[in-house]
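What follows is the residue order along each chain.
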Amino acid sequence: MLTSLRIFAVNRQKMSSLYINNMCGCKITTRLRPSKPDVLLGKHYSSLPGLIGNDIKSLHSIINPPIAKIRNIGIMAHIDAGKTTTTERILYYSGYTRSLGDVDDGDTVTDFMAQERERGITIQSAAVTFDWKGYRVNLIDTPGHVDFTLEVERCLRVLDGAVAVLDASAGVEAQTLTVWRQADKHKIPRICFLNKMDKTGASFKYAVESIREKLKAKPLLLQLPIGEAKTFKGVIDIVNKEKLLWNSNSDDGKDFERKPLLEKSDPELLKETVEARIALIEQVADLDDEFADLVLGKFSENFDLLPAEKLQTAIHRVTLALTAVPVLCGSALKNKAIQPLLDAITMYLPSPEERNYDFLQWYNGDLCALAFKVLHDKQRGPLVFTRIYSGTLKPQSAIHNINGNCTEKISRLLLPFADQHIEIPSLTAGNIALTVGLKQTATGDTLVSSKSSALAAAQRAKRREEKQQRQSCEVERLLLAGVEIPEPVFFCTIEPSSWAKQPDLDHALKCLQREDPSLKVKLDPDSGQTVLCGMGELHLEIIHDRIKREYGLETYLGPLQVAYRETIMSSARATDTLDRTLGDKQHFVSVELEARPGETPSVTPVIEYAKSVSRDLLKDSQEAVENGVHNACLQGPLLGSPIQDVTITLHSLVIHPGTSATMISACVSRCVQKVLKKADKQILEPLMHLEVTVPRDFLSPVLADLAQRRGNVQEIQTRQDNRVVIGFVPLAEIMGYSTVLRTITSGSATFVLELSTYRAMNPQDQNTLLSQKSGTISVLLVPLHRFVLFCFFSFSF
């Protein structure tokens with residue numbers, strides 16, 4: 001039996017030793033590279049994964065388990081459904097932590113940022129690695145707040161399975177739908193865990209029905225609760241016809257009884273379980289032909305004789321096929337039914353080799369990995385989270401970045417444990433690694449062993465596609481699907497406390513942008529100010545706080561503003577000529593353009609070329625023309641907001657020999673601006689999907705307030721004793737809504753916002769907005785000793 005594990009790291013020492021002692025007195029010594037800042041044996045961390053209880057393995061089996069024994073999973077849910085608490089219990093029961101952390105106490109493993117512990121919410125996804133009954137589980141705890149949806153998106157991209165945690169009293173909520181759609185997009189097999197069965201108002205039946213109705217999924221009930229709300233004390237295992245009861249005197253939930261259901265002691269429970277098991281068998285048989293043949297053959301007369309192992313295997317196949325979703329229940333806060341959830345994760349969710357990745361055949365076992373997340377560490381620089389799809393990753397080895405077309409060297413390789421890591425000598429396919437030393441790699445980059453390996457893979461892909469009579473770009477064949485980054489909807493200015501601190505602020509923002517691709521930073525051309533663009537108020541507030549805490553910079557944020565867009569409602573034509581002599585060289589460009597409303601929605605302008613335009617001329621100038629069009633559409637004529645849903649047609653282009661590409665772009669850009677001013681213009685405002693959960697007594701004031709905010713209520717649902725108001729409201733009208741809602745409902749209501757679309761403003765609201773723009777002027781006075789005076793326009797809403 002394993003009794004202790006110590007990692008001795010000595011300053012300035014090149015090697016350290018890992019000593020594993022067991023009861024029989026033998027000692028295993030393995031040499032590891034030092035990882036002084038990475039391995040911190042605090043109150044939470046009991047040992048390395050894989051070294052729990054009697055399970056003493058070699059270091060190789062600890063680091064690189066068989067691929068069939070690996071599970072890469074994510075925990076996803078609506079905010080406050082209990083994701084982090086569930087993760088904390090999983091780590092405790094797997095032996096990874098010695099004590100149970102609590103979100104309210106701010107001492108959980110995965111919520112390690114100061115902002116997370118203060119607010120009690122997950123902001124950044126955190127990866128932890130642990131073992132459970134011989135399986136290696138790489139688990140990622142994801143945020144539930146809509147402002148951090150990108151964190152969920154980029155994690156799901158590299159996971160093989162997911163656990164959707166639902167509040168049993170609320171069922172499927174707004175953000176549950178969002179993360180479910182993301183999982184559908186990446187074809188992620190998943191299971192549902194109905195958490196908070198001990199909560200007042202918890203309803204197993206209601207939660208299951210919401211899965212069926214709102215998620216359009218087929219729930220497979222693998223468990224039934226024994227009691228609900230205050231009477232919840234355990235679960236029934238339908239597959240094995242057993243009841244699991246947790247000891248009410250147990251503080252940590254480790255002690256529970258697993259007993260078979262008997263006619264003598266539990267006649268009602270047994271009857272209910274048998275009926276549920278028959279329904280489960282019939283449901284799985286309808287979805288899996290192999291299982292149907294088995295049931296109708298050997299066990300058609302008596303389903304009770306069907307072995308649990310056969311049913312579990314069929315459920316596994318159905319889950320992988322995405323035709324149904326296993327459903328379990330419990331209470332993470334009360335430490336009940338987490339161990340069966342861990343069993344279900346290893347039993348029903350897929351291993352990496354069970355996922356179908358077509359691109360793996362091109363690499364023939366060579367390295368192929370995807371960088372899906374970047375963190376910045378003051379001592380170690382950029383830390384890149386990488387999912388290995390094939391091959392082996394080793395420290396001190398060079399890798400080729402296909403996206404950036406560059407080669408970099410991995411200096412160190414780490415296994416991730418939230419904010420603490422352990423250095424390892426190698427890692428094989430199916431695992432998630434943390435790499436140090438990749439300075440150019442960004443989220444979504446594809447990594448291979450070398451440029452020659454990439455070319456060889458491209459040739460294999462090309463030969464196969466030629467056989468199938470398909471054509472595509474060689475680089476596109478090699479690139480793994482990256483991450484779609486949503487457009488920001490909020491923006492505000494940010495200024496350092498002094499002009500001398502501007503370079504430090506630029507560096508901090510550069511690092512934060514690399515960590516968080518949904519954060520955009522731009523320079524206002526009129527005022528020279530730095531502008532932050534983000535996904536919401538909380539998102540920008542967190543960025544501001546991180547700049548202060550992590551980079552030691554005092555900064556000032558301007559008023560929060562809405563990211564409007566512009567479009568045109570009619571067609572217009574314009575011509576422009578640029579004739580300029582620089583030195584002894586003459587530059588001449590003449591352009592005729594037409595702008596018209598786009599036929600299909602498009603964030604970027606659609607560019608077309610008339611037949612009259614010389615194709616020979618376009619060969620050399622097309623890139624310059626398109627650069628000019630795109631640059632002009634970044635700022636519309638009304639508010640200076642980006643132009644969308646517009647088609648630009650080039651009718652005439654005359655270029656004298658020797659004219660530079662810069663001059664061509666400048667002339668085209670000026671002509672586009674002219675034609676946009678001629679057309680009928682329209683401002684588009686972001687429209688938010690709003691879901692307000694409010695007690696019945698406060699429904700009327702909530703509806704009245706939404707009416708004043710130009711809200712459009714679509715439906716009002718009933719959820720237990722609450723009402724759920726679902727509708728749409730302009731983003732500009734929802735500023736500070738949380739404070740107002742808290743006031744009119746005495747703090748009893750909650751709401752969720754999500755960007756729905758951009759819609760045209762009515763003429764009255766548009767004129768009001770334009771009046772505010774032209775009527776509000778702010779002057780920023782910088783102290784005289786800096787001899788700087790900035791005058792800039794700002795919008796106040």
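Residues numbered from 1 in each chain as written. Predicted model: local features only at pLDDT ≥ 70, side-chain atom pairs only at ≥ 80, totals over all residues. Heavy atoms only, no water.

## Details of the sheet that holds strand E34 (residues 646-655)
Stage number 1. The sheet built from four strands is open, its strands ordered E31-E32-E34-E33 with mixed pairing. Strand pairing shows two members of the sheet lacking a second neighbour, strand E31 (572-582) and strand E33 (606-609), which therefore form its edges. On average, each strand axis in the sheet is inclined to that of its neighbour by 25 degrees, with strand direction left out of account.
Stage number 2. Bridge count between E31 and strand E32 (residues 585-597): 11 bridges; the pairing is antiparallel. Within the sheet, the bridge partner assigned to Asp576 lies in E32 and is Val591.
Stage number 3. Lying over the sheet, helix H16 (residues 615-632) contacts E33 and E34, oriented at roughly 130 degrees with respect to E34. (Pairing = 2+ DSSP bridges. Helix = DSSP H or I, 4+ residues; strand = E, 2+ residues; numbered from the N terminus. Axes fitted to C-alpha atoms, helices over the stretch in contact; angles between N-to-C directions. Contact = heavy atoms within 4.5 Å.)

## With respect to the sheet that holds strand E5 (residues 126-132)
Stage number 1. Strands sit in the order E5-E6-E4-E7-E8-E14-E9 across an open sheet of seven strands; the sheet is mixed. Edge positions in the sheet fall to E5 and strand E9 (219-221), since each of these pairs with one other strand and no more. Between one strand axis and the next, the sheet turns by 30 degrees as a mean value, whatever way the strands run.
Stage number 2. Bridge count between strand E7 (residues 161-167) and strand E8 (residues 190-195): six bridges; the pairing is parallel. Its bridge partner being in E8, Ala164 is matched across the sheet by Cys192.

## Digging into the packing of aromatic side chains
Stage number 1. Under the definition given, this model contains four aromatic pairs.
Stage number 2. Here the aromatic rings of Tyr92 and Tyr93 are separated by 5.5 Å at their centres, their planes lie at 65 degrees, and the arrangement is edge-to-face.
Stage number 3. Among the residues examined, Tyr92 registers a relative accessible area of 9% and is labelled buried.
Stage number 4. Centroid distance Phe372 to Phe385: 5.9 Å. Interplanar angle 50 degrees. Geometry classified as tilted. Of this pair, Phe372 sits in strand E15 (residues 368-377) while Phe385 sits in strand E16 (residues 381-390), placing them 13 residues apart in sequence.
Stage number 5. Over the face of the ring belonging to Tyr389 we find Arg387, whose NZ or CZ atom lies 4.6 Å from the ring centre. (Phe/Tyr/Trp six-rings, centres within 6.5 Å; stacked < 30°, edge-to-face > 60°. Buried < 20%, exposed > 50% of the residue type's maximum accessible area, 1.4 Å probe, protein only. Lys NZ or Arg CZ within 6 Å of the ring centre and 35° of its normal.)

## Topic: the environment of Leu245
Stage number 1. Relative to the assigned elements, Leu245 resides in strand E12 (residues 242-246).
Stage number 2. With residues near it in sequence (within four places) discarded, Leu245 still touches Ile226, Lys233, Phe256 and Glu257.

## Section: the pattern of salt bridges
Stage number 1. Within the structure shown, the criterion is met by 31 salt bridges.
Stage number 2. Lys199 is the partner of Asp167 in a salt bridge, and the nearest nitrogen-oxygen pair spans 3.0 Å. One end of the pair, Asp167, is in strand E7; the other, Lys199, is in the loop between E8 and helix H6 (204-214), with 32 residues separating them in the sequence.
Stage number 3. Residue classification places Asp167 among the buried positions, given a relative accessible area of 4%.
Stage number 4. Relative accessible area serves as the criterion here: at 34%, Lys199 is assigned to the partly exposed category.
Stage number 5. A salt bridge links Arg546 to Glu550, with the shortest nitrogen-to-oxygen separation between them at 2.8 Å. Here Glu550 and Arg546 lie together in helix H15 (residues 537-551), a separation of four residues that amounts to about one turn.
Stage number 6. Note on Glu550: relative accessible area 24%, which makes it partly exposed.
Stage number 7. Connected via shared salt-bridge partners are Glu685, Arg710, Glu733, Arg759 and Asp765. (Salt bridge = Lys/Arg side-chain N within 4 Å of Asp/Glu carboxyl O.)

## Some details on unusual backbone geometry
Stage number 1. Even without glycine at this site, Lys196 takes up a positive phi of about 60 degrees.
Stage number 2. Mapped onto the elements, Lys196 comes out in the loop between E8 and H6.
Stage number 3. When its relative accessible area of 18% is taken as the criterion, Lys196 is described as buried.
Stage number 4. Of note, the phi angle at Ala229 is positive, near 55 degrees, even though the residue is not glycine.
Stage number 5. Secondary-structure assignment places Ala229 in the loop between strand E10 (223-226) and strand E11 (234-237).

## Description of the pairing of strand E4 (residues 70-77)
Stage number 1. Counting buried residues in E4 gives eight out of eight residues, a clear majority hidden from the surface.
Stage number 2. Burial of the side chains of E4 extends over both faces: Ile70, Asn72, Gly74 and Met76 are buried on one face and Arg71, Ile73, Ile75 and Ala77 on the other.
Stage number 3. Note: E4 against strand E6 (residues 135-141), six bridges, orientation parallel. Bridging across to E6, Ile75 finds its partner in Asp141.
Stage number 4. Two elements, E4 and E7, share five bridges in a ladder whose sense is parallel. Of the residues in E7, the one forming a bridge with Gly74 is Ala162.

## Some thoughts on helix H18 (residues 699-708)
Stage number 1. Considered for burial, the residues of H18 that qualify are Leu699, Val702, Asp705 and Leu706. All buried residues of H18 fall inside an arc of 130 degrees around its axis, so they share one side. The exposed set on the far side of H18, more than 90 degrees from its buried face, consists of Ser700, Ala707 and Gln708.
Stage number 2. Those residues of H18 that are buried are in contact with strand E35 (681-695), strand E36 (712-719), strand E37 (722-730) and helix H19 (737-744).
Stage number 3. Looking one or two residues past H18, Arg710 carries a phi angle of roughly 60 degrees, positive in sign. (Arc of directions from axis to C-beta.)

## Points about the packing of helix H7 (residues 267-287) against helix H9 (residues 308-320)
Stage number 1. Contact pair H7 / H9: the axes reach a minimum separation of 10 Å and the direction vectors enclose 45 degrees. Overall, the two elements H7 and H9 adopt an arrangement that is oblique. For H7 against H9, the interelement crossing comes out left-handed. Note on element contacts: H9 touches H7 through Ala308, Leu311, Ala314, Ile315 and Val318, opposite Arg277, Leu280, Ile281, Val284 and Leu287.
Stage number 2. In terms of residue class, the contact of H7 with H9 is made up of nine nonpolar, no polar and one charged. (Parallel < 35°, antiparallel > 145°, perpendicular 65-115°, else oblique. Left-handed = near helix turned anticlockwise from the far one by under 90°. Nonpolar A, V, L, I, M, F, W, Y, C, P; charged D, E, K, R; others polar.)

## Overview of the pairing of E12
Stage number 1. Of all five residues in E12, four are buried, a share of seventy percent or more.
Stage number 2. As judged from the four bridges shared by E11 and E12, these two strands associate in the antiparallel manner. When the sheet's bridge partners are listed, Asp237 is paired in E12 with Glu242.
Stage number 3. In this structure, the hairpin formed by E11 and E12 is closed by a connection of four residues, where Lys241 is found at a positive phi of approximately 55 degrees.
Stage number 4. Pairing between E12 and strand E13 (residues 256-260): five bridges, direction antiparallel. Note that in E13 the partner of Glu242 across the bridge is Pro260.

## Let's talk about the packing of H7 against helix H8 (residues 289-297)
Stage number 1. Packing of H7 against H8 leaves a shortest axis separation of 6 Å and a crossing angle of 130 degrees. It follows that H7 is oblique to H8 by the angle criterion. Two packed elements cross with a definite hand, and for H7 against H8 that hand is left-handed. Contacts between H7 and H8 involve Ile281, Val284, Ala285 and Leu287 from the first element and Asp289, Phe291, Ala292 and Val295 from the second.
Stage number 2. Its residues assigned to classes, the contact of H7 with H8 comprises seven nonpolar, no polar and one charged.

## Things to note about the confidence of the model for the protein
Residues shown with low pLDDT carry predicted positions that ought not to be read at fine detail.
Stage number 1. With 82% of its residues at a pLDDT of at least 70, the protein reaches an overall mean of 80.
Stage number 2. Contacts of residues 1-61 to residues separated by more than four positions or lying in other chains number 128 contacts, the stretch itself having pLDDT below 50. (pLDDT = per-residue confidence, 0-100.)

## Here's the deal with the side chain of Arg565
Stage number 1. Topologically, Arg565 is positioned in strand E30 (residues 565-568).
Stage number 2. Since its relative accessible area comes to 10%, Arg565 is described here as buried.
Stage number 3. At 2.8 Å, the side chain of Arg565 and the side chain of Gln644 are in polar contact.
Stage number 4. In contact with Arg565, other than residues within four places in its own chain, are Glu487, Val603, Ser641, Pro642, Gln644, Gln682, Ile683, Leu684 and Tyr758. (Polar contact = N/O pair within 3.5 Å; in protein donor to acceptor, adjacent residues only side chain to side chain.)

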